[in-house]
Amino acid sequence: MTPQRESVMAAVTQLVHATPDQVADAVPGVDLTTVYRTLETLEHIGLLAHTHLGHGAPSYRLAADDHVHVVCHRCSSVIDAPAGLADQLSRQLAEERGFILDRSHFTVFGTCADCAAGSSHD
Ligand SMILES: [Zn+2]
Ligand SMILES: [Zn+2]
Ligand SMILES: [Zn+2]
């Protein structure tokens, strides 16, 4: 593992969910293009996985950290839900349509309890 890969891994580990921009900020001296390339390589060799927590850039995390992401589209808070939450959806899609769900790539959007209750969130 190169020092660059090691610092990118360390940044993602620390940030839990990290966009390429956030990783670049956390790894001084490595340009964004290199960060993108390194993230792709680390995903390709199975150390990282990405999901989409909003409309912008993908968020990378450790591939071993298997869970379903639930995101509030009002306040953008991210809830890490157990991977098993998607089991029934996954099973039903497979049975009825032969579709294989990539649950690590899968984010559920909605409104969190605080926002639904109308609190101002600050
Ligand atoms: Zn994607
Ligand atoms: Zn919310
Ligand atoms: Zn997560």
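Residues numbered from 1 in each chain as written. Chains lettered and ligands numbered in written order. Predicted model: local features only at pLDDT ≥ 70, side-chain atom pairs only at ≥ 80, totals over all residues.

**Focus: the nonpolar core**
1) Next: With 11 residues, the main nonpolar core is built from Val8, Ala11, Val12, Ala18, Val23, Ala24, Val35, Leu39, Leu42, Leu48 and Tyr60.
2) Next: Once you skip the residues sitting within four places of it in the chain, Leu48 turns out to touch Val12, Leu39, Leu42, Glu43, Tyr60, Arg61, Leu62 and Ala63. (Core = buried A, V, L, I, M, F, W, Y, C linked by C-beta atoms within 7 Å. Buried ≥ 20, exposed ≤ 12 C-beta atoms within 10 Å, placed from the backbone. Contact = placed C-beta atoms within 7 Å.)

**Observations regarding unusual backbone geometry**
1) Next: For Val16, which is not glycine, the phi dihedral falls at a positive 70°.
2) Next: Tracing the chain through its elements places Val16 in the loop between helix H1 (3-15) and helix H2 (20-26).
3) Next: Its identity is not glycine, yet Ser76 carries a phi of approximately 65°, on the positive side.
4) Next: Within the element layout of this structure, Ser76 appears in the loop between strand E3 (67-72) and strand E4 (78-82). (Helix = DSSP H or I, 4+ residues; strand = E, 2+ residues; numbered from the N terminus.)

**Remarks on the environment of Thr41**
1) Next: In this fold, Thr41 is placed in helix H3 (residues 32-44).
2) Next: For Thr41, a count of 15 C-beta atoms within 10 Å corresponds to the partly exposed category.
3) Next: Remark: the alpha-carbon pair of Thr41 and Ala11, spanning 30 residues in sequence, is separated by 15 Å.

**Topic: the sheet that holds strand E5 (residues 107-110)**
1) Next: Pairing in this open sheet of 3 strands is mixed, and the strands run E4-E3-E5 from one edge to the other. With partners counted over all chains shown, the strands left at the sheet margins are E4 and E5, one partner each. Going across the sheet, the axis of each strand differs from the next one's by a mean of 25°, ignoring polarity. (Pairing = 2+ DSSP bridges. Axes fitted to C-alpha atoms, helices over the stretch in contact; angles between N-to-C directions.)

**A look at the domain arrangement of the protein chain**
1) Next: Per the domain assignment, the segments making up the protein chain are domain 1 (3-62) and domain 2 (67-116).
2) Next: For domain 1 versus domain 2, the separation of C-alpha centres amounts to 22 Å.
3) Next: Contacts between the two partners involve 6 residues from domain 1, matched on the other side by 8 residues from domain 2.
4) Next: Of the residues that constitute the side of domain 1 that touches domain 2, the class distribution is 2 nonpolar, 4 polar and no charged. (Domains from an automatic or database assignment. Nonpolar A, V, L, I, M, F, W, Y, C, P; charged D, E, K, R; others polar.)

**Examining the pairing of E4**
Both faces of the sheet carry side chains from a regular strand, because those side chains alternate between them.
1) Next: Bridge count between E3 and E4: 5 bridges; the pairing is antiparallel. Across the sheet, His67 pairs through a bridge with Pro82, a residue of E4.
2) Next: Remark: 5 residues form the turn of the hairpin made by E3 and E4, two consecutive strands paired antiparallel; Ser76 in that turn has positive phi of roughly 65°.

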